[in-house]
Amino acid sequence: MTTVIADELLASFVRDGAVLVPGVLSEAWIELLSDGLDECIAAPDDLSSSLSDGTAEIRIDQFPAARSERLRRFVLESPLGALVGAFVGGPVRFYMDQMFAKPAGAQMATAWHQDTPYYNVGGAALVRAWVSPDPVPREASLEVVRGSHLWNVTYRPLGGRDPGAEPRRRSSSGVEEQRGATFSYGDAITDRSLPRVPDIAGNRESFDIVGWDYEPGDVILFRGHMLHGARGDHVLQRGRRAHAAMYAGSDVHYVERPGQVIPDPVGLAAHAPASGQTLDEFDDVFPLVWDGA
């Protein structure tokens, strides 16, 4: 994989923080991804929740690969691990994954946010691999703010509540959540010491926003600290299924955050992790998917 990544793409990833790499996945991998996502969509679990703005909705599942053998194979055995390794220049471990399903019709926007503050983890080599078995036009695809991974600021997660306050089903932006049995964005505790995300949607001309027309087989890679989102002003003729796996390079380490939103992967608590420990100290929880060779 390291021999087929053009120097231009590698330089773009360092500078911009995100790239689209075309044609990485074969038809067999796309079919496996599609079947795994459909399997999870048909059978929600306790970590499945949905968000609605009153006209459109999005279904979000946490850790779908933990309950779908097809997705488990996809995140561990597909070319994604080696691809991430080519961009970060070292061994890569699988951290976690999510599924995002939007039905056909009017699309709900995905609010601008970073990934890092939602997890008890940090490091420059935390990378998302965003893929879909469906073609996604630029107007409905993932967008990023170019270079925002280098701003050296961590923004407040969008979900959550003050300590001691009741959980919220509706956010300040008017988005309502149908929570899962054991997970809700509204249950999280908000870290008020962090600044709010800038109003990128309301001031698009002030930011260097990048997006792509996406075709099945392509992979969008972006840094965990990047500001990213998706527009909601497009009508899709067919639903959009997306899978976002998070991979970790050698510098990624545990960080105990007061405002963690997404729970730690199953099995990590048994290690009683401490801030600063790298993920290679928890080999049974975060499997090695590429050894850097």
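Everything in this summary refers to the structure shown in the same document.

Definitions and cut-offs
- Residues numbered from 1 in each chain as written.
- Predicted model: local features only at pLDDT ≥ 70, side-chain atom pairs only at ≥ 80, totals over all residues.
- Heavy atoms only, no water.
- Helix = DSSP H or I, 4+ residues; strand = E, 2+ residues; numbered from the N terminus.
- Rg over C-alpha atoms; globule rule 2.2 N^0.38 Å.
- Contact = heavy atoms within 4.5 Å.
- Areas by Shrake-Rupley, 256 points an atom, 1.4 Å probe, with all protein chains shown as cover.
- Lys, Arg positive; Asp, Glu negative; His and termini not counted.
- Charge placed at Lys NZ, Arg CZ, Asp CG, Glu CD.
- Expected span 1.5 Å × (residues − 1).
- Salt bridge = Lys/Arg side-chain N within 4 Å of Asp/Glu carboxyl O.
- Buried < 20%, exposed > 50% of the residue type's maximum accessible area, 1.4 Å probe, protein only.
- Polar contact = N/O pair within 3.5 Å; in protein donor to acceptor, adjacent residues only side chain to side chain.
- Phe/Tyr/Trp six-rings, centres within 6.5 Å; stacked < 30°, edge-to-face > 60°.
- Core = buried A, V, L, I, M, F, W, Y, C linked by side-chain atoms within 4.5 Å.
- Pairing = 2+ DSSP bridges.
- Axes fitted to C-alpha atoms, helices over the stretch in contact; angles between N-to-C directions.

### Comments concerning the overall build of the chain
Each helix and strand in the chain was counted, giving four helices and 17 strands. Here the chain has a C-alpha radius of gyration of 18 Å; the compact-globule value for 293 residues is 19 Å, and the two agree. Considered along the principal axes of its C-alpha atoms, the chain spans approximately 50 × 45 × 40 Å. Taking contacts inside the chain between residues at least 6 apart in sequence as the whole, the part at least 24 apart equals 84%. Accessible surface for the chain amounts to roughly 12600 Å². Of this, 51% is attributable to carbon and sulfur atoms. Within the chain, the 41 negative side-chain charges are centred at a point lying 5 Å from the centre of the 26 positive side-chain charges.

### Thoughts on the environment of Val 88
Mapped onto the fold, Val 88 is located in helix α4 (residues 80–88). The spacing of Val 88 and Ile 58 is 30 residues in sequence and 31 Å in space, taken between C-alpha atoms. Look past the residues within four positions of Val 88 in its chain and what remains in contact with it is Ala 125, Val 127 and Arg 223.

### Thoughts on helix α2 (residues 27–42)
Here α2 spans 22 Å end to end across 16 residues, near enough to the 22 Å set by a 1.5 Å rise per residue. Looking at the buried residues of α2, the elements they touch are β3 (57–62), α3 (69–77), β4 (92–102), β8 (126–131) and β15 (240–248).

### With respect to the pattern of salt bridges
Going through the model one piece at a time under the given rule, you end up with 17 salt bridges. The salt bridge partner of Arg 15 is Asp 16, with a shortest N-O separation of 2.9 Å. Since its relative accessible area comes to 49%, Arg 15 is described here as partly exposed. Given a relative accessible area of 7%, Asp 16 falls into the buried group. Notably, a salt bridge pairs Asp 134 with Arg 238, separated by 2.9 Å at the nearest N-O pair. Of this pair, Asp 134 sits in the loop between β8 and β9 (142–145) while Arg 238 sits in the loop between β14 (235–236) and β15, and the two are 104 residues apart along the sequence. For Asp 134, a relative accessible area of 1% corresponds to the buried category.

### Some words on the environment of Asp 233
Relative to the elements of secondary structure, Asp 233 occurs in the loop between β13 (228–230) and β14. Polar contacts involving the side chain of Asp 233 include one to the side chain of Arg 231, which spans 2.7 Å.

### Description of the packing of aromatic side chains
The description of two aromatic rings rests on the distance between their centres and on the angle between their planes. Considering all chains together, one arrives at eight aromatic pairs under this definition. Ring centres of Trp 130 and Tyr 214 lie 5.3 Å apart, and the angle between their planes is 90°; this geometry places the pair in the edge-to-face category. With Trp 130 in strand β8 and Tyr 214 in the loop between β11 (209–211) and β12 (219–223), this pair connects stretches of sequence that are 84 residues apart. As far as the burial class goes, Trp 130 and Tyr 214 line up, both buried. Look at Phe 183 and Tyr 185: their rings are 5.0 Å apart centre to centre, the planes differ by 80°, and that puts the pair in the edge-to-face class. Here Phe 183 falls in the buried class, since its relative accessible area comes to 3%. Through a chain of ring-to-ring contacts, three or more aromatic side chains come together here, namely Tyr 95, Tyr 119, Phe 282 and Phe 286.

### Side note on the environment of Gln 98
Assignment of secondary structure puts Gln 98 in strand β4. The sequence separation of Gln 98 and Asp 280 amounts to 182 residues, and the corresponding C-alpha distance is 22 Å. Apart from the residues lying within four places of it in its own chain, the contact partners of Gln 98 are Ile 60, Asp 61, Gln 62, Pro 64, Tyr 119, Arg 128, Tyr 185, Ala 242, His 243, Ala 244 and Ile 262.

### Some remarks on the nonpolar core
Counting residues in each nonpolar core, the largest one holds 80 residues, and the members touching the most others are Leu 25, Phe 74, Trp 130, Val 219, Leu 221, Tyr 247 and Ile 262. Contacts of Leu 221, omitting those with residues within four sequence positions, involve Phe 13, Gly 17, Ala 18, Val 19, Leu 83, Val 84, Phe 87, Val 127, Arg 128 and Ala 129. In this structure, Trp 112, Tyr 155, Val 197 and Leu 227 belong to the second largest nonpolar core, which totals seven residues.

### Concerning the sheet that holds β13
Across the sheet, four strands lie side by side as β6-β13-β9-β11; this open sheet has antiparallel pairing. At either margin of the open sheet sits one strand with a lone partner, and together these are β6 (110–113) and β11. Averaged over neighbouring strand pairs, the angle between their axes works out to 25° when direction is ignored. In the sheet, β9 pairs with β11 via three bridges, with the strands oriented antiparallel. Bridge pairing in β11 places Val 144 opposite Val 210.

Structural measurements only, silent on function.
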